[in-house]
Amino acid sequence: MVKNLYDILGVSKSASQTEIKSQYRKLARKYHPDLNKDNKEAAEKFKEISAAYDILGDKDKKQKYDNNEIDADGKPTGFGAGGFGGQYQSYGGGGFNPQGFDFSSIFGEDVFGGFGGGNGYARRAQKGQDVSYQLDVDFLDVAVGAEKSIVLNGKQINVKIPAGTSSGQVLRLKGQGGKGYNNGANGDALISINVKSHPYFRREGINILIDLPISMKEAVLGAKVVVPTINGKVNVSIPAYSSSGEKLRLKGKGIKTKSGVGDEIINLVIMAPKNKDKELEAVLEKSNENILRTY
């Protein structure tokens, strides 16, 4: 009786490569020799489905099989033995491994911890794979610290972002990566932080920097103005006769970390009026102020 590879795998001729692979994974789990000790029928069935998958799971071989260019054994039709012989790779416990199929992807943590020598798969504990994730975080979240929820491996986990975390810094979440094999430890989740820029705050270590526009009137006469900080707004006194580039320091208004507390540093920027002011011009014309330049 002529073998039909589609019947062996239990899929239709129109099945996609994804469907074929999924069905093979299902059958391989059921009939794998390491799960069916001393069961010759299961071993034979495993060889049969592996042989079928070796052809149907390969686009080029599948097309040749569909076009009757090769038979169910992978041999060219009409040319006798030869051609595709020796296409399966033996594994230690007997049977075949079509196309170097990764059986750990089906058995994973349930049975196998990697390939061993001699008698099949080594039953040793193996740590799961680390998984990487990039997390975009707002400037203020890393300035004051925050907790964000993300989904990894189909599971929602909370990521604690310490105050002072920098862009490019990687947070390691122990045991939140891939599952370990054979009671091995789970892998870790490596969360790479990308800090978004802020419209007016900047950062220098644990200090917060901000440019504060002030009018000429405020610069000359002094003023009380409202200034934003990472923890809210505060009132700040601008000294009379302030110049652009002068700095005001708000102690303790920077980033708070375990190693210390930063300040907020205000850089004064005098802004000339956009509209012409004849009275202001007249006053400045009468001014006796002399600018002493250093260059």
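Before any of the text, the structure's been laid out above.
Summarised in this report is the structure supplied together with it.

Rules of the game
- Residues numbered from 1 in each chain as written.
- Predicted model: local features only at pLDDT ≥ 70, side-chain atom pairs only at ≥ 80, totals over all residues.
- Heavy atoms only, no water.
- Helix = DSSP H or I, 4+ residues; strand = E, 2+ residues; numbered from the N terminus.
- Buried < 20%, exposed > 50% of the residue type's maximum accessible area, 1.4 Å probe, protein only.
- Contact = heavy atoms within 4.5 Å.
- Areas by Shrake-Rupley, 256 points an atom, 1.4 Å probe, with all protein chains shown as cover.
- Pairing = 2+ DSSP bridges.
- Axes fitted to C-alpha atoms, helices over the stretch in contact; angles between N-to-C directions.
- Parallel < 35°, antiparallel > 145°, perpendicular 65-115°, else oblique.
- Nonpolar A, V, L, I, M, F, W, Y, C, P; charged D, E, K, R; others polar.
- Core = buried A, V, L, I, M, F, W, Y, C linked by side-chain atoms within 4.5 Å.
- Salt bridge = Lys/Arg side-chain N within 4 Å of Asp/Glu carboxyl O.
- Lys, Arg positive; Asp, Glu negative; His and termini not counted.

1. Notes on the overall build of the protein chain
Part 1 of the reasoning: In terms of regular secondary structure, the protein chain is built from 8 helices and 15 strands.
Part 2 of the reasoning: Every one of the 295 residues in the protein chain was classed for burial, and the buried ones make up 37%.
Part 3 of the reasoning: Contacts in the protein chain between residues at least 24 apart in sequence constitute 53% of all its contacts with a sequence separation of at least 6.
Part 4 of the reasoning: Total accessible area computed for the protein chain in this model is approximately 18,300 Å², and 48% of it derives from carbon and sulfur atoms.

2. Topic: the pairing of strand E11 (residues 232-238)
Part 1 of the reasoning: In terms of strand pairing, strand E10 (residues 223-229) meets E11 through 7 bridges, oriented antiparallel. Note on E11: the bridge partner recorded for Pro 228 is Lys 233.
Part 2 of the reasoning: With antiparallel pairing between neighbouring strands as the criterion, E10 and E11 make up a hairpin whose turn holds 2 residues.

3. Overview of the sheet that holds strand E9 (residues 207-215)
Part 1 of the reasoning: The 4 strands lie next to each other as E8-E9-E15-E12, forming an open sheet whose pairing is mixed. Strand pairing shows two members of the sheet lacking a second neighbour, strand E8 (201-204) and strand E12 (247-250), which therefore form its edges. Along the sheet, successive strands turn relative to each other by an average axial angle of 30°, direction set aside.

4. Structural notes on the packing of helix H3 (residues 40-56) against helix H4 (residues 59-66)
Part 1 of the reasoning: In contact at an axis separation of 6 Å, H3 and H4 are set at 95° when each is read in the N-to-C sense. As judged from the angle between their axes, H3 and H4 are roughly perpendicular. Of the residues in H4, those touching H3 at Asp 54, Ile 55 and Leu 56 are Lys 61, Lys 62 and Tyr 65.
Part 2 of the reasoning: Among the residues forming the contact of H3 with H4, the class breakdown is 3 nonpolar, no polar and 3 charged.

5. A closer look at the nonpolar core
Part 1 of the reasoning: By size, the foremost hydrophobic cluster in this structure holds 33 residues, and its most contacted members are Leu 135, Val 159, Ile 191, Ile 193, Leu 212, Ile 238 and Ile 266.
Part 2 of the reasoning: Setting aside chain neighbours within four positions, we find Ile 266 in contact with Ile 210, Leu 212, Val 227, Val 236, Glu 246, Lys 247, Leu 248 and Leu 250.
Part 3 of the reasoning: Core analysis: the second largest hydrophobic core is formed by 21 residues, Ile 20, Leu 27, Ala 42 and Tyr 53 among them.

6. What to know about the pattern of salt bridges
Part 1 of the reasoning: All chains considered together, the criterion is met by 15 salt bridges.
Part 2 of the reasoning: Across the salt bridge formed by Lys 47 and Glu 44, the nearest N and O atoms sit 3.7 Å from each other. A residue pair is termed a helical-turn pair when its members lie 3 or 4 positions apart in one helix, as Lys 47 and Glu 44 do in helix H3 at 3 residues.
Part 3 of the reasoning: On the basis of relative accessible area, Lys 47 is assigned to the partly exposed category, the value being 30%.
Part 4 of the reasoning: A single salt-bridge network, built from bridges that share partners, covers Lys 127, Asp 130, Arg 172, Lys 174 and Asp 188.

7. Side note on the side chain of Glu 264
Part 1 of the reasoning: Within the secondary structure, Glu 264 sits in strand E15 (residues 264-271).
Part 2 of the reasoning: Among buried charged residues, Glu 264 stands out as having no salt bridge; its nearest opposite-charge side chain is Lys 253, 8.4 Å away.
Part 3 of the reasoning: Residues contacting Glu 264, with those up to four places away along its chain left out, are Phe 201, Ile 208, Ile 210, Val 227, Pro 228, Thr 229, Ile 230, Leu 248, Arg 249, Leu 250, Lys 253 and Gly 254.

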